Every structure is written in structure tokens, then in C-alpha cells.
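Given next are the chains, with one letter for each unit.
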Amino acid sequence: QDTMSPFYAGLATLALYLGIGYPFLKAWGTTGIAAASSLSAVVNFVVLAWLMRRRHGVSLPWGPFLGILARAGLLSAVTGVTAWGVHRMLPHATMKQELLALSAAIAVGITIYAGGALLLKFPEATKVAGYLREKLGEKLGKGKEGQGFS
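Notes on the structure follow. On a predicted model such as this, the values are computed, not experimentally measured, just so you know. (Residues numbered from 1 in each chain as written. Predicted model: local features only at pLDDT ≥ 70, side-chain atom pairs only at ≥ 80, totals over all residues. Heavy atoms only, no water.)

Structural notes on the overall build of the protein chain
Here is step 1 of the chain: A count of helices and strands for the protein chain gives five helices and zero strands.
Here is step 2 of the chain: Listing every helix and strand of the protein chain by position from the N terminus yields α-α-α-α-α.
Here is step 3 of the chain: Here the C-alpha atoms of the protein chain give a radius of gyration of 22 Å, more than 25% beyond the 15 Å that 2.2 N^0.38 yields for 150 residues.
Here is step 4 of the chain: The principal-axis extents of the C-alpha atoms in the protein chain amount to approximately 60 × 50 × 25 Å.
Here is step 5 of the chain: Within the protein chain, buried positions represent 17% of all 150 residues.
Here is step 6 of the chain: If you take every contact in the protein chain between residues at least 6 apart in sequence, the share linking residues at least 24 apart comes to 38%.
Here is step 7 of the chain: A total accessible area of about 11300 Å² is found for the protein chain, and carbon and sulfur atoms account for 70% of it. (Helix = DSSP H or I, 4+ residues; strand = E, 2+ residues; numbered from the N terminus. Rg over C-alpha atoms; globule rule 2.2 N^0.38 Å. Buried < 20%, exposed > 50% of the residue type's maximum accessible area, 1.4 Å probe, protein only. Contact = heavy atoms within 4.5 Å. Areas by Shrake-Rupley, 256 points an atom, 1.4 Å probe, with all protein chains shown as cover.)

Structure below.
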């Protein structure tokens, strides 16, 4: 078992994160930290996938993976822009207004992403929706005879 290659890949990823984290923080604030973390994680993934193919002859199904990544990326962009727009439209002069605006933006973002994931038929979203339908059916179906949920 090769346990050192993933370890060294992780160290390289950490070094990359430390190298770009501070400049990204200076350039974009806390968003820069998130970008540095995401970029480092992507580099780590690519390096580990390359090592797996080179050392073990195992190749990832890149076509389907890139399709899912593109759909998730597009959905994330739409969600982010929509949530940002909702936050910008609402007043946030006081702490209470800011809290309400932020809560509304988060609620809209969750709704957009969940709905989009269902529309795009993400397997995880479909599975969660099925589970929730099942549980809701059980709760509503335990009432009086003949008043079940269909």
C-alpha cells in the first residue's frame, strides 16, 4: 500500500494553500480564503487522480464527472447571484435589517439550489426528495383510517 504519495500530495496542497491564501485574502478579503481553499482542493484532487492512474492504471470517468461538475457549477453560480441579488435588494441599515436580509438571501439560495438540483436530476437530491416523501407519507398516513397520504 502506498500511503506516502497521498501524504506528499496533501503536503503540496497545504503549501499551495499557504502560498496563495494570504495574497488572495489581501485581494478579495474572506472570499479570497474560500477561493484559495477551493483551488487547493481542486489541485489536490487532480494530483491524486493522476497518481492513481499512473501508479495503479485506474482512470476516473472524466466525461460524466465533468458533466456533473459543469451542472453543479452553473447551478452554484445561479444560486450565488440570486442570493446576492436578494441581499442587495433588501434594506440592511440596522443589525436587525441585515439579519433579515441575510436570512432571506440564505433561504432563497437554499430553495434555488434544492429546486435546481431536483430539476437537473442530481442523484443525491432525488434520493433526499424520495426519502422526505416517504417520511411525510408515513406521518400523514398514520392518522384515521382512509385519510392517508397518496
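Digging into the side chain of Thr13
Here is step 1 of the chain: The topology assignment puts Thr13 in helix H1 (residues 4-28).
Here is step 2 of the chain: Reaching out from Thr13, the side chain makes a polar contact with the backbone oxygen of Ala9 at a distance of 2.9 Å.
Here is step 3 of the chain: Aside from chain neighbours lying at most four places away, what touches Thr13 is Ser40 and Asn44. (Polar contact = N/O pair within 3.5 Å; in protein donor to acceptor, adjacent residues only side chain to side chain.)

The values are spatial; any link to function lies outside them.
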